[in-house]
Amino acid sequence: MDFLEIIKAQYVGEHKIHLWFNNNVDKIVDFSDKLKGSAFEPLRDTEFFKNFHIAYNTIEWANGADFAPEYLFTC
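An account of the accompanying structure is given in this report. (Residues numbered from 1 in each chain as written. Predicted model: local features only at pLDDT ≥ 70, side-chain atom pairs only at ≥ 80, totals over all residues. Heavy atoms only, no water.)

**Looking at the overall build of the protein**
Okay, step 1: Helices and strands together make up the secondary structure of the protein, namely two helices and five strands.
Okay, step 2: Going from N to C terminus, the protein has its helices and strands arranged as β-β-β-α-β-β-α.
Okay, step 3: By the compact-globule yardstick of 11 Å for 75 residues, the protein fits well, its C-alpha radius of gyration being 12 Å.
Okay, step 4: Along the three orthogonal principal directions, the C-alpha set of the protein runs to about 35 × 20 × 20 Å.
Okay, step 5: By the burial criterion, 35% of the 75 residues in the protein qualify as buried.
Okay, step 6: Partitioning the contacts of the protein with sequence separation of at least 6, the portion at a separation of at least 24 is 41%.
Okay, step 7: Surface exposure of the protein reaches about 4600 Å², of which carbon and sulfur atoms provide 49%.
Okay, step 8: Averaging the positions of the 7 positive and the 12 negative side-chain charges in the protein gives two centres separated by 6 Å. (Helix = DSSP H or I, 4+ residues; strand = E, 2+ residues; numbered from the N terminus. Rg over C-alpha atoms; globule rule 2.2 N^0.38 Å. Buried < 20%, exposed > 50% of the residue type's maximum accessible area, 1.4 Å probe, protein only. Contact = heavy atoms within 4.5 Å. Areas by Shrake-Rupley, 256 points an atom, 1.4 Å probe, with all protein chains shown as cover. Lys, Arg positive; Asp, Glu negative; His and termini not counted. Charge placed at Lys NZ, Arg CZ, Asp CG, Glu CD.)

That's the geometry; what it means functionally is another story.
Dropping the structure here:
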């Protein structure tokens, strides 16, 4: 496998997302302590946070904020 990718993601509550990776690993990531900096400030709003989509092999929000799948894999 060349690149780590998120193939499925599901909001599970508060600032937590269940992520499925292309290497058959899945995990729940708590983002509550990862939303620092101006790009991530809108994600502190739960309604905004839960409206993500998969783009470019990771999750992304309407304001362009995203996290590298390699980073999320280590969380």
